[in-house]
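What the coordinates show
What follows is the residue order along each chain.
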Amino acid sequence: MEEALGRLLATGNTAEIFEWGSRVMKLYKSPAAKPAAFREAATSAAVEALGLPAPKVWNVHDVRGRWGLVFDRVTQKSFAEQMLGKMDDVPRYLECMVQLQIRIHNHQAIQFTGLKVTLAVNIAASLPLDKLRKQELLDTFVDMPDGDRLCHGDFHPLNILGDTSHPVIIDWLDARRGDPAADVCRSYLLLKLHAAEIAMPYLDAYCRLGDMDRDAVLRWMPYLAAAKLAEGVPSERAKLLEIVGSSPMRGAPST
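Residue numbering note: each chain is counted from 1, following its sequence as written. In keeping with the model being predicted, local features are shown solely for residues with a pLDDT of at least 70 and side-chain atom pairs are shown and tallied solely at 80 or more, while totals for entire chains, interfaces and linings include all residues. Excluding hydrogens and water, the side-chain figures rest on all heavy atoms present in the structure.

1. A word on helix α5 (residues 131–141)
As a reminder, the rule being used: Relative accessible area decides the class of each residue, using a 1.4 Å probe on protein chains only: under 20% of the type maximum gives buried, over 50% gives exposed, and in between gives partly exposed. Labels follow the DSSP assignment, with helices taken as runs of H or I lasting at least four residues and strands as runs of E lasting at least two, numbered in each case from the N terminus. Think of it as the arc spanned by the lines of direction from the helix axis to the C-beta atoms.
Buried residues of α5: R133, K134, L137, T140 and F141, and no others. Around the axis of α5, the buried residues are gathered within 140° of arc, so they sit on the same side. Summarising the geometry of α5, the exposed residues directed more than 90 degrees from the buried face are K131 and L132.

2. A short note on helix α9 (residues 221–229)
With 9 of 9 residues buried, α9 lies mostly within the body of the structure. For α9, every residue scored as buried is listed here: M221, P222, Y223, L224, A225, A226, A227, K228 and L229.

3. Description of the packing of aromatic side chains
In plain terms, the rule: For Phe, Tyr and Trp, where Trp contributes only its six-membered ring, two rings pair if their centres lie within 6.5 Å, and the inter-plane angle classes them as stacked under 30 degrees, edge-to-face over 60, or tilted in between.
Across all of its chains, the model carries 4 aromatic pairs by this definition. Their ring planes at 55° and their centres at 5.7 Å tell us that F38 and W67 sit as a pair that is tilted. Here the residue F38 occupies a position in helix α1 (residues 34–49), and W67 occupies one in strand β5 (residues 66–72), the gap between them amounting to 29 residues. For W67, a relative accessible area of 16% corresponds to the buried category. With a centroid separation of 6.1 Å and 80° between ring planes, the pair formed by F141 and W220 is classed as edge-to-face. One end of the pair, F141, is in helix α5; the other, W220, is in the loop between α8 (214–218) and α9, with 79 residues separating them in the sequence.

4. A closer look at the pairing of strand β4 (residues 57–63)
Going by this rule: When DSSP finds at least two bridges between two strands, those strands are taken to pair.
Relative to β5, β4 is paired through 6 bridges, and the arrangement is antiparallel. Bridging from a neighbouring strand, V60 pairs with L69 of β5.

5. With respect to the pattern of salt bridges
To be explicit about the condition: Any carboxyl oxygen of Asp or Glu that lies within 4 Å of a side-chain nitrogen of Lys or Arg is treated as forming a salt bridge with it.
Within the structure shown, the criterion is met by 15 salt bridges. Residues E16 and R66 are paired through a salt bridge, measuring 2.8 Å at the closest nitrogen-oxygen approach. Here E16, found in strand β2 (residues 15–20), pairs with R66, found in strand β5; they are 50 residues apart in sequence, far enough to count as distant. A residue is classified by how much of its surface remains accessible, and E16, at 16% relative accessible area, is buried. Put simply, D154, R186, K228, E231 and E236 are held in one network by salt bridges that share partners.

6. Structural notes on the pairing of strand β3 (residues 23–28)
Counting buried positions along β3 gives 5 out of 6 residues, so the element sits mostly inside the fold. In textbook terms, the turn of a hairpin is the stretch between consecutive antiparallel strands, and for β2 and β3 this stretch comprises 2 residues, one of which, G21, has a positive phi near 65°. As paired strands, β3 and β5 are joined by 5 bridges and run antiparallel to one another. Across the sheet, residue M25 finds its bridge partner in β5, namely V70.

7. Overview of the sheet that holds strand β1 (residues 8–11)
Definition in use: Between N-to-C directions, angles span 0 to 180 degrees; the directions come from axes that are lines fitted to C-alpha atoms, helices contributing only their stretch in contact. Here, residues are in contact when the closest pair of their heavy atoms is within 4.5 Å.
Overall, antiparallel pairing links the 5 strands, which are arranged β1-β2-β3-β5-β4 in an open sheet. Of all strands in the sheet, those bounded by a partner on one side alone are β1 and β4. Shown here is a sheet whose adjacent strand axes are inclined to one another by a mean of 25°, direction ignored. Lying over the sheet, α1 contacts β3, β4 and β5, oriented at roughly 15° with respect to β5.

Here it is, written out as structure tokens:
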């Protein structure tokens, strides 16, 4: 017997999370999200096969004209919630976050879509950027490294649930094949936008534990910021435009 949609548990930009029996249903808001739902299911299954700590995906459903995925339920709070107001605990959570991300980056991702392909499409679709600036970005973007590592694509403390001893990583829709430095830059950018006080400590921790050159990360900033403009989040627009406008295309990296 099919489960019924239960209590609303969480709401994001593009989807809502509902109870679905003992599991959860991630239900996309847009009725046109069928391709995204099946793409996320395939990506989640591929991640699951790698043995990474992610919820098991069970199936895809049409629920009253909206498409969603059924996952195992994770009841623990996110790292973001657990860090709130507990600054003494922040280094422990950031170190765990970085170790998880390094673990992701240790995997080859031949079967995943290339990150640079997605970023180039999003840069071209960024309406707030004028045609000249887009072309400048795309002209220099081709020289950025391709990479063959698994990148989460939306790795931040809200997408890590549970305790540091048994964390679970959620929301793998944007997982791609690419350069780990780009994935680190995306995380750094998200933190700069929404949790600025831990952005630099996170970057320092990854560069130290992951033996990564900080400049290699920051070179991605203008491209990641331009691509994020295509997501159309009004509260982020001014800051992203500032980053894109002040970031050099060559030479010294932006911070």
